[in-house]
Amino acid sequence: HRELAFTNPIGLAASLRYAADLCMRSRDFPAALGLYEKVVDIRRRKMGEHDPEVAQSIEYLGEIHAQMGQFDKALLLQEEALNMRLNIYGNSHIDVAQNLRAIATLQAMHGDFDEAVTLFTRSLNILLKNFHKTHPQVEMVKVQLQMARQQKKEELRHLQKEVHQNTLEGKGLENERIPGDDYDERIRKQSKAETEAAEPEDSDSA
């Protein structure tokens, strides 16, 4: 490897990447991380900051950190790769959409569904400029966007319940029903009562 590093550093980077991929498949993430950090270092020095392969390498390094549960580091690397691709390609390239989707996924995993929805939407809009609406990548992001929106709604509902419950406890009304818990039942009873009230009186009573 040392001799190859002097004669063909790009070839060495490719060999290290292959070894890192093997480590990822066997879920040896620390080994993959060490190898891929070398890949990024070599490509940065030889290709510069405006090469697509460097951005791809940084993105992949972020994915390894994500697999290891290192959210903050993964997010920083994904955002770095995104900024590089924006500088290289502009706002409408499919690689930019890929980066946005990766960051959105991290944000959703971390519970920031507002940001996830925003980024999935940006990713989807870019993909729709490049692919037909039935393209597999478009369909995938649509599903992820819908899931993030649903999780956002559930989080909001949970927060509303929590705030309401805390308010009741502060007033000494811990056993009070939380609005929404029996909504369907109340609507059913109200509808039944309105129907009964609207029924005509029995003709025998006239």
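Residues numbered from 1 in each chain as written. Predicted model: local features only at pLDDT ≥ 70, side-chain atom pairs only at ≥ 80, totals over all residues. Heavy atoms only, no water.

Caption draft 1: Quick peek at the overall build of the protein. Counting its regular elements, the protein contains 9 helices and 0 strands. Counting from the amino terminus, helix and strand elements in the protein follow one another as α-α-α-α-α-α-α-α-α. In the protein, which comprises 206 residues, the proportion classed as buried is 32%. When the accessible surface of the protein is summed, it comes to about 13300 Å², and 51% of that surface belongs to carbon and sulfur atoms. (Helix = DSSP H or I, 4+ residues; strand = E, 2+ residues; numbered from the N terminus. Buried < 20%, exposed > 50% of the residue type's maximum accessible area, 1.4 Å probe, protein only. Areas by Shrake-Rupley, 256 points an atom, 1.4 Å probe, with all protein chains shown as cover.)

Caption draft 2: Main features of the packing of helix α6 (residues 94-109) against helix α7 (residues 113-130). Contact geometry for α6 and α7: axes closest at 8 Å, N-to-C directions at 160 degrees. Considering their axes alone, α6 and α7 lie roughly antiparallel with respect to each other. Our pair here, α6 against α7, has a crossing hand that is left-handed. Here I94, V96, A97, L100, R101, I103, A104, T105, Q107 and A108 of α6 come into contact with α7, specifically with F113, E115, A116, L119, F120, R122, S123, I126, L127 and N130. When the residues that make up the contact of α6 with α7 are grouped by side-chain class, the tally is 13 nonpolar, 4 polar and 3 charged. (Axes fitted to C-alpha atoms, helices over the stretch in contact; angles between N-to-C directions. Parallel < 35°, antiparallel > 145°, perpendicular 65-115°, else oblique. Left-handed = near helix turned anticlockwise from the far one by under 90°. Contact = heavy atoms within 4.5 Å. Nonpolar A, V, L, I, M, F, W, Y, C, P; charged D, E, K, R; others polar.)

Caption draft 3: Quick look at the packing of aromatic side chains. Tallied over the full model, the rule gives 1 aromatic pair. Each ring, one from Y36 and one from Y60, has its centre 4.6 Å from the other, and the planes form 50 degrees; the classification is tilted. With Y36 in helix α3 (residues 29-47) and Y60 in helix α4 (residues 52-67), the pair connects residues that are 24 residues apart, well separated along the chain. A relative accessible area of 0% means that Y36 is categorised as buried. (Phe/Tyr/Trp six-rings, centres within 6.5 Å; stacked < 30°, edge-to-face > 60°.)

Caption draft 4: Local environment of helix α2 (residues 9-25). The terminal C-alpha atoms of α2 lie 24 Å apart, and with 17 residues this matches the ideal 24 Å at 1.5 Å per residue to within 8%. Taken together, the buried positions of α2 are occupied by P9, L12, A13, L16, A20, D21, C23 and M24. (Expected span 1.5 Å × (residues − 1).)

Caption draft 5: Quick look at the confidence of the model for the protein. Per-residue pLDDT for the protein averages 82, and the proportion of residues at 70 or more is 74%. Below a pLDDT of 50 lies the segment residues 2-6, which in the model reaches 5 contacts outside its immediate sequence neighbourhood of four places, other chains included. Below pLDDT 50 for its whole length, residues 178-184 participates in 9 contacts with residues either more than four positions away or in separate chains. (pLDDT = per-residue confidence, 0-100.)

Caption draft 6: Summary view of the layout of surface pockets. For the largest pocket, the calculated volume is near 320 Å³. Residue lining of the largest pocket: 18 residues in total, with E63, Q78, R101, A102 and T105 positioned closest to the centre. Mapped by element, the contributors of at least two residues to the lining of the largest pocket are α4, α6 and α8 (136-170). The element contributing the most residues to the lining of the largest pocket is α6, with 8 residues. Partitioning the lining of the largest pocket into residue classes produces 8 nonpolar, 7 polar and 3 charged. (1 Å grid on protein atoms, 1.4 Å probe; cavity = no way out; pocket = protein on both sides within 12 Å on 5 of 7 lines; lining within 4 Å. Points joined across faces, edges and corners; volume = space filled by probe spheres on them.)

Caption draft 7: Structural detail: unusual backbone geometry. With phi around 65 degrees, R27 is a residue other than glycine that occupies positive phi space. Mapped onto the secondary structure, R27 falls in the loop between α2 and α3.

Caption draft 8: Inspection of the pattern of salt bridges at higher detail. According to the stated counting rule, one finds 7 salt bridges in the structure shown. Among the ionic pairs, R17 bridges to D21, the shortest N-O distance being 4.0 Å. Of this pair, R17 and D21 both sit in helix α2, 4 residues apart, which is roughly one turn of that helix. Sharing partners across several salt bridges, the network here consists of R44, E49 and E80. (Salt bridge = Lys/Arg side-chain N within 4 Å of Asp/Glu carboxyl O.)

Caption draft 9: Summary view of the environment of A116. Residue placement: A116 occurs in helix α7. The exposure class of A116 is buried, given its relative accessible area of 0%. Distance in space between the C-alpha atoms of A116 and A104 is 4.3 Å, their sequence separation being 12 residues. Once you skip the residues sitting within four places of it in the chain, A116 turns out to touch A104, Q107, A108 and A148.

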